[in-house]
Amino acid sequence: MSHFIPNTEKDREEMLRKIGVSSFKEILKDIPEEAFFKGKLNLPEPLSELEVEEEIKKFAEQNRSDLKVFAGGGLYDHFIPAVIDQILLRSEFYTSYTPYQAEVSQGTLQTMFEYQSMICELTGMEVANASMYDGASAIAEAALMALRVRHDRDKILVASNINPFYKEVLLTYLHGQNTPIEFVKTGKDGALDLKDLKEKIDSDVAGFIFQHPNFLGVLEDPFEISDIVKKVDAILIASVNPISLGILEPPGAYGADIVVGEGQPLGLPLSFGGPLLGIFASKMEYIRSMPGRISGMTEDVEGRRGFVMTLQTREQHIRRERATSNICSNQQLCATAAAIYMSLLGKEGIKEVAEQSLYKAHYLKELLDGIVEFPYSGPFFNEFVVELPTSAGKIVDNMLKYNILAGIDLAQFDFPENYLLVSVTEKRRMEEIEEYAKTLKEVI
């Protein structure tokens, strides 16, 4: 028993007697004996505060802050205006806990409302929640929502070219429900095989999930996909890069029912992969099936504007059988950062970031033509796959010597070992892009 639990021996004996066991170990009887740890933990001796500080500094010094980042795959190295962090440091934002109705402030509720409103405008959807944990959990929750909306159907159809991490989370979420999941093939151009989609979609499919741009960076044909999915009245779920919506048609324009995405590009640092921000929006008719929480605007009896937690469809707030999700909170601080970012840049600013990312990525591809091959011919936004004459892992290691993070080695996702996923954002200067091409030519 932990020495930090403030129970006396008498308290413990009474608790054990109450639940009908003689010892704490008897509570654990279902755990096999071989699973228990034997012996002592191999822990270092205690350290003073000064010594701990020195140890942490040693670890921190191993980090690289000088890299020119050309890796993406869902998280991107965009410029973050300094004012975002400065505003976030206000104690009203920085200390915000999971905002329950009884304790939530009007300021927090309004921030949630403004974030939701901007996400709706960006995606072309009618309603958005106050955020999910990340893009991966958002896509899994969208599948569950599709099963609730089309409750007479039990299958989820998924594009095979979505982010592999999203795929793993989706499979984990749906495993316990024994939900049939089928994957649609990827064509030779890197986009979805529409013929395979037509063959696999039927009246048993509750929802179809695709990513645009997809994990390979290739742009899909969302209008054609929508036409195919709508013929069987399935729920269309689009996973998007929010920055791309500065120049691409919003999902609402091609009839998406649910829109999800990773909100990290909206003013959040890479931070070794977290914390992140899950975007989640849908048509208004499905609002009662939406997970998470929604802040709404209202008026009090004196006609003054106010904000209120409108929907919280989890088991702590409503009858368990009617709960849509067990997600406990929204990523409030991250959502606040995204709201500040979107308000600072506005429509034209996000369009400028998207255009620069697009142009610079295409400029790099032009420079690499003749140095590497390009296995996928489909149009792309700011990310593309290159085929190298040697292993991608080796190239990534060699490029790091020049302070360049060359991209993502796709061998870890069961692609050929010489496939590299390269990304470019507005943050990369033209000379850095030219340096990338020159260095890659030298290290191959």
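Above this text sits the structure in question.
Values in this document were obtained by computation on a predicted structure and should not be read as measured data.

A closer look at the nonpolar core
Across soluble globular proteins, you tend to see nonpolar side chains buried next to one another. Ranked by internal contacts, the top residues of the largest apolar core, which has 80 residues, are Tyr115, Ile156, Leu197, Phe208 and Phe280. If we ignore the near neighbours within four places in the chain, the residues touching Ile156 are Ala143, Ala146, Leu147, Leu174, Thr179, Pro180, Ile181, Glu182, Ala206, Gly207 and Ile209. Listed in part, the 23 residues of the second largest apolar core include Leu364, Leu368, Ile395 and Val424.

Things to note about the packing of helix H6 (residues 106–123) against helix H11 (residues 332–368)
Where H6 meets H11, the axes come as close as 9 Å, and the angle between the chain directions of the two elements is 45 degrees. Taken together, the axis directions place H6 and H11 in an arrangement best described as oblique. Between H6 and H11 lies a crossing whose hand is left-handed. Contact with H6, carried on its side by Thr108, Thr111, Met112, Tyr115, Met118, Ile119, Glu121 and Leu122, involves Gln332, Ala335, Thr336, Ala338, Ala339, Met342, Ser343, Lys347 and Ile350 of H11 and no other residues of that element. Looking at the contact of H6 with H11, its residues break down into 10 nonpolar, five polar and two charged.

So, the pattern of salt bridges
A side chain with one charge may pair with a side chain of the opposite charge, provided their charged atoms come close. Under the defined criterion, the tally for this structure stands at 22 salt bridges. One salt bridge in this structure joins Lys57 and Glu53, with 3.5 Å as the shortest N-O distance. With Lys57 and Glu53 both in helix H3 (residues 49–60), this residue pair falls four residues apart, about one helical turn. Note on Lys57: relative accessible area 45%, which makes it partly exposed.

Brief notes about empty space enclosed by the protein
Under the defined criterion, the tally for this structure stands at three cavities of 30 Å³ or more. Along the wall of the largest cavity there are 19 residues; nearest its centre are Gly74, Tyr76, Gln211, Pro213 and Asn241. Broken down by secondary-structure element, the contributors of at least two residues to the lining of the largest cavity are strand S6 (235–240) and strand S7 (258–262). For the lining of the largest cavity, the class distribution of residues is seven nonpolar, 10 polar and two charged. Top contributing element to the lining of the second largest cavity by residue count: strand S11 (residues 383–387), with three residues. Looking at the lining of the second largest cavity, its residues break down into seven nonpolar, one polar and two charged.

Details of the side chain of Asn418
Here Asn418 lies in the loop between strand S13 (408–409) and strand S14 (419–423). In terms of polar contacts, Asn418 uses its side chain to reach the backbone carbonyl oxygen of Leu388, at 2.8 Å. Those residues in contact with Asn418, other than ones at most four positions away along the chain, are Val386, Glu387, Leu388, Thr390, Ser391 and Ala392.

Here's the deal with the layout of surface pockets
Approximately 860 Å³ is the volume attributed to the largest pocket. By residue number, the principal contributor to the lining of the largest pocket is helix H8 (residues 164–175), which donates three residues. A breakdown of the residues in the lining of the largest pocket according to their chemical character gives 15 nonpolar, 11 polar and seven charged. In this model, the second largest pocket occupies a volume close to 300 Å³. In terms of lining residues, the second largest pocket is bounded by 13 residues, among which Glu121, Leu122, Gly346, Lys347 and Ile350 are the most central. Among the elements that make up the lining of the second largest pocket, the one with the highest residue count is H11 (six residues). When the residues that make up the lining of the second largest pocket are grouped by side-chain class, the tally is seven nonpolar, two polar and four charged.

A closer look at the sheet that holds S11
Pairing is antiparallel across the open sheet formed by three strands, whose spatial order is S11-S14-S13. Pairing within the sheet leaves two strands with one partner each, and these edge strands are S11 and S13. Direction of pairing for S11 relative to S14: antiparallel, over a ladder of five bridges. The residue bridging Val386 from the neighbouring strand is Leu420, located in S14.

Thoughts on the sheet that holds strand S2 (residues 127–128)
Pairing within the open sheet is mixed, and its seven strands lie in the order S2-S8-S7-S6-S5-S3-S4. Looking at the sheet topology across the chains shown, the edges are occupied by S2 and strand S4 (181–184). One ladder, built from five bridges, connects S7 with strand S8 (residues 278–282); its direction is antiparallel. Across the sheet, Val259 pairs through a bridge with Ala281, a residue of S8. Along the sheet, H6 contacts S2, S7 and S8; its crossing angle with S8, the most-contacted strand, is approximately 70 degrees. Packing of H8 onto the sheet brings it into contact with strand S3 (155–159), S4, strand S5 (205–212), S6 and S7, and relative to S4 it is tilted by some 160 degrees.

Description of the state of the cysteines
Joining two cysteines, a disulfide is a covalent bond between their sulfur atoms. If you walk through the whole model with that rule in mind, you get zero disulfides. Cys120 carries a free sulfur, and the closest cysteine sulfur to it, the one in Cys334, is 19 Å from it. We classify Cys334 as buried; its relative accessible area is 9%.

Remarks on the pairing of strand S10 (residues 305–312)
Where strand S9 (residues 293–299) and S10 come together, seven bridges link them in antiparallel fashion. For Arg293, the partnering residue across the bridge sits in S10 and is Gln312. The turn joining S9 and S10, which pair antiparallel and follow one another in sequence, is formed by five residues; a positive phi near 85 degrees is taken by Gly303.

A look at a nonpolar patch on the surface
A grouping of Ile19, Phe24 and Ile27 is seen on the molecular surface, where their side chains present a nonpolar patch of about 290 Å² in accessible area. Summarising the element assignment, Ile27 is placed in helix H2 (residues 24–27).

Section: the environment of Ile340
Relative to the helices and strands, Ile340 is located in helix H11. Once the C-alpha coordinates of Ile340 and Thr111 are considered, the two residues, 229 residues apart in sequence, prove to be 9.3 Å apart. In this view, Ile340 contacts Ile84, Ile87 and Leu88; residues no more than four positions away in its chain are not counted.

About the cut-offs
- For every chain, the first residue of the written sequence is number 1, and numbering continues from 1 along that sequence.
- Confidence filtering applies because this is a predicted model: local features only for residues at pLDDT of at least 70, side-chain atom pairs given and counted only at 80 or more, and all residues used for totals across whole chains, interfaces and linings.
- Each side-chain value is worked out from all heavy atoms of the structure, with water and hydrogens disregarded.
- Put simply, a nonpolar core is a bunch of buried Ala, Val, Leu, Ile, Met, Phe, Trp, Tyr and Cys residues held in one set by side-chain atoms that sit within 4.5 Å of each other.
- Think of it in three bands: with a 1.4 Å probe and only protein chains considered, a residue is buried below 20% of the maximum accessible area for its type, exposed above 50%, and partly exposed in between.
- In what follows, residue pairs with any heavy atoms lying within 4.5 Å of each other are defined as contacts.
- The convention used is that axes are lines fitted to C-alpha atoms, helices contributing only their stretch in contact, and that angles between N-to-C directions extend from 0 to 180 degrees.
- To qualify as a helix, a DSSP run of H or I must reach at least 4 residues; to qualify as a strand, a run of E must reach at least 2; elements of each kind are numbered from the N terminus.
- An angle below 35 degrees is treated as roughly parallel, one above 145 as roughly antiparallel, one from 65 to 115 as roughly perpendicular, and anything else as oblique.
- For any pair of crossing helices, the crossing counts as left-handed if the nearer helix is rotated counterclockwise from the farther one by less than a right angle, and right-handed if it is rotated clockwise.
- Three classes are used: nonpolar for Ala, Val, Leu, Ile, Met, Phe, Trp, Tyr, Cys and Pro, charged for Asp, Glu, Lys and Arg, and polar for all others, with Gly counted as polar.
- Any Lys or Arg side-chain nitrogen found within 4 Å of a carboxyl oxygen on Asp or Glu counts as a salt bridge.
- Here a cavity means grid points, on a 1 Å grid over the protein atoms only, where a 1.4 Å probe fits yet cannot get out; a pocket means an open set of points with protein on both sides within 12 Å along at least five of seven lines; lining residues are those with an atom within 4 Å of a point.
- Grid points are joined across faces, edges and corners, and a volume is the space filled by probe spheres set on the points.
- Here a polar contact is recorded for every N or O atom pair within 3.5 Å, except that within protein the pair must consist of a potential hydrogen donor and a potential acceptor, and residues adjacent in sequence are included only if both atoms are side-chain atoms.
- Here, any two strands with at least 2 DSSP bridges between them count as paired.
- Cysteine sulfur atoms that come within 2.5 Å of each other are treated as a disulfide pair.
- Patch membership requires over 30% relative accessible area and the absence of a salt bridge. Like charges are linked within 9 Å, and nonpolar side chains (Val, Leu, Ile, Met, Phe, Trp, Tyr) within 5 Å.
- Note on areas: these come from Shrake-Rupley sampling with a 1.4 Å probe, and a residue is covered only by the protein chains present in the view.

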